[in-house]
Amino acid sequence: MWSCITDFFTYETTKSVVVKSWTIGIINRVVQVLILTYFIGWVFLVEKAYQVRDTAIESSVMTKVKGFGVYNDKVMDVADYVTPTQGASVFCIITKLITTENQVQGYCPESEKKYACTQDSNCTRYLNKPGSYGILTGKCVPFNSTIKMCEIKGWCPAEIDTIKTTPMMEVENFTIFIKNSIRFPTFNYTKGNFLSTITDDYIKKCNFDMINNTYCPIFKVGDVVRYAQQNFTKLGGVIGIKIGWICDLDKSDDQCNPSYSFTRLDAMSQKNAVSPGYNFRFAKYFKMENGTDYRILVKAYAIRFDVLVNGNAGKFNMIPTLINMVAAFTSVGVGTVLCDIILLNFLKGAEQYKAKKFEEVSDSPLDSQSNGFYRSQLSLRHNETIMRSSDSGAFSIEHYNYSQ
């Protein structure tokens, strides 16, 4: 018991071996410099690891489109070609229309070629199944003087959407006004995409430009399409307008500004011949004098714009600073591990280094002395001997009485 107590109240210290070798010394310093350069240059300066970051950005987007176009000899304004009309972050600008007028509920022939028939038996397999534009009845009825088609029950006449149309070219000169407000809740920091120096006169005259007017909130549709590397005459898809907020709140407020980028979000549809572009249908409903409902069906081809907001903000904080400083100083020790591996295994004279670094001792001090197990560099008196040693090179010394 007493032996356990005395062993507990002991002190151990590591043994240091100084190796005067240019090779291992240079390797050690180079590794340490590389580690410190990584932490100072990348972790602290580039990644700003001394900051607390807030990535939970809160954002609101309001949009407004302006411009007039001519389509089928009709002047089109915002109410005609923009949907939805609420000015949300996702909106569509219609470029082409296929209109089917005066549709009423009733019975009429299908308009798809696959429903062509010569007798009722050709249509009975579709009985009570949905067709392209209504529910098929199983009857074969005349479509015109030469062709018969299967009959449907639904809105008649059936839509014919194979008509070729040209886009409304004035769309290219329409403008999009984007008003964006953001907030970083961790720091209770708010900002908008309007600079404090912007005036009404500037808003009325400016157009966004990637070089000269990077903070103008007015975007020409043609410019947005070109920035997304698309061809306006062939376009009918989804364009993303991305607003990025990367803010360093340790700097002045005017350094936190939005950056814009543009891309096509439905790139896969460019290679898809089945459903290229973007289109949708909507109807306008009316009532005849006799009370019968009728509608005008519109198939619209459009460019859809998605305004996407992302970002993060950072601010100095002592806790991450201390954590990363400790990690940096701890990582410098990696150089020691690497040098030990090279020193003890690959350099000339590795066995000599091992003998200097490690000591081999036996449980019996007398046996150890007689067998030559000691590898210590200390000069010990005749009545002192090493009793035990740890792997780290630590050892303890105590008196031993040889008179026994």
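Rules behind the numbers
Residues numbered from 1 in each chain as written. Predicted model: local features only at pLDDT ≥ 70, side-chain atom pairs only at ≥ 80, totals over all residues. Heavy atoms only, no water. Salt bridge = Lys/Arg side-chain N within 4 Å of Asp/Glu carboxyl O. Helix = DSSP H or I, 4+ residues; strand = E, 2+ residues; numbered from the N terminus. Buried < 20%, exposed > 50% of the residue type's maximum accessible area, 1.4 Å probe, protein only. Phe/Tyr/Trp six-rings, centres within 6.5 Å; stacked < 30°, edge-to-face > 60°. Lys NZ or Arg CZ within 6 Å of the ring centre and 35° of its normal. Disulfide = S-S within 2.5 Å. Expected span 1.5 Å × (residues − 1). Contact = heavy atoms within 4.5 Å. Core = buried A, V, L, I, M, F, W, Y, C linked by side-chain atoms within 4.5 Å.

A. The arrangement of the pattern of salt bridges in detail. Across all of its chains, the model carries ten salt bridges by this definition. Measuring nitrogen to oxygen at the nearest pair gives 2.9 Å for the salt bridge that ties Glu159 to Arg281. Of the two residues, Glu159 sits in the loop between β9 (148–156) and β10 (175–184) while Arg281 sits in strand β15 (residues 279–287), which places them 122 residues apart along the sequence. Salt-bridge contacts for Arg304 lead to Asp306; the nearest nitrogen and oxygen are separated by 2.9 Å.

B. Broad picture of unusual backbone geometry. A cis geometry characterises the amide bond from Thr83 onward to Pro84, with omega recorded as -10°. Tracing the backbone shows Pro84 in the loop between β5 (82–83) and β6 (90–109). In the segment running from Cys156 into Pro157, the intervening peptide bond is cis, with an omega of 0°. The phi torsion at Asn188 lies on the positive side, around 55°, for a residue other than glycine. Mapped onto the elements of the fold, Asn188 is located in the loop between β10 and β11 (189–192). Residues other than glycine seldom take positive phi values, yet Gln229 does so here, at roughly 60°. Topologically, Gln229 is positioned in the loop between α5 (221–227) and β13 (238–248). On the accessibility criterion, Gln229 (71% relative accessible area) is exposed.

C. Inspection of the packing of aromatic side chains at higher detail. Tallying each qualifying case throughout the model produces 17 aromatic pairs. Arranged with centres 5.4 Å apart and planes meeting at 20°, the rings of Phe91 and Phe305 form a pair that is stacked. With Phe91 in strand β6 and Phe305 in strand β16 (residues 293–316), this residue pair connects regions lying 214 residues apart in the sequence. When its relative accessible area of 0% is taken as the criterion, Phe305 is described as buried. One aromatic cluster is present, formed by Phe208, Phe219, Tyr227, Tyr260 and Phe262 through successive ring pairs. Geometry around Tyr301 places Lys96 over its ring, the cationic atom sitting 4.8 Å from the centre.

D. Here's a closer look at the state of the cysteines. Here the structure, examined in full by the defined rule, presents five disulfides. Between the sulfur atoms of Cys108 and its disulfide partner Cys156 the distance amounts to 2.1 Å. Taking the torsion about the S-S bond as the criterion, the Cys108 to Cys156 disulfide, at about -80°, is left-handed. Of this pair, Cys108 sits in strand β6 while Cys156 is found in strand β9, placing the two residues 48 residues apart along the sequence. Comparing Cys108 with Cys156, the two get one shared label, buried. A sulfur-sulfur separation of 2.1 Å characterises the disulfide bridge that pairs Cys123 with Cys150.

E. Seen up close, helix α2 (residues 22–46). Between its first and last C-alpha, α2 extends 34 Å over 25 residues, near the 36 Å set by a 1.5 Å rise per residue. For α2, the elements touching its buried residues are α6 (318–331) and α7 (334–345). Looking one or two residues past α2, Lys48 carries a phi angle of roughly 50°, positive in sign.

F. Summary view of the nonpolar core. In terms of nonpolar packing, the biggest core is built from 45 residues, with Tyr81, Ile93 and Phe305 touching the most fellow members. Listed by contribution, the elements that provide at least two residues to this core are β2 (58–66), β6, β10, α5, β13, β14 (259–264) and β16. For Phe305, the residues in contact, after removing those within four places along its chain, are Ser89, Val90, Phe91, Ile93, Ile176, Val221, Val224, Ile239 and Ile241. Grouped together as the second largest cluster of nonpolar side chains are 13 residues, Tyr115, Cys123, Tyr133 and Cys140 included.

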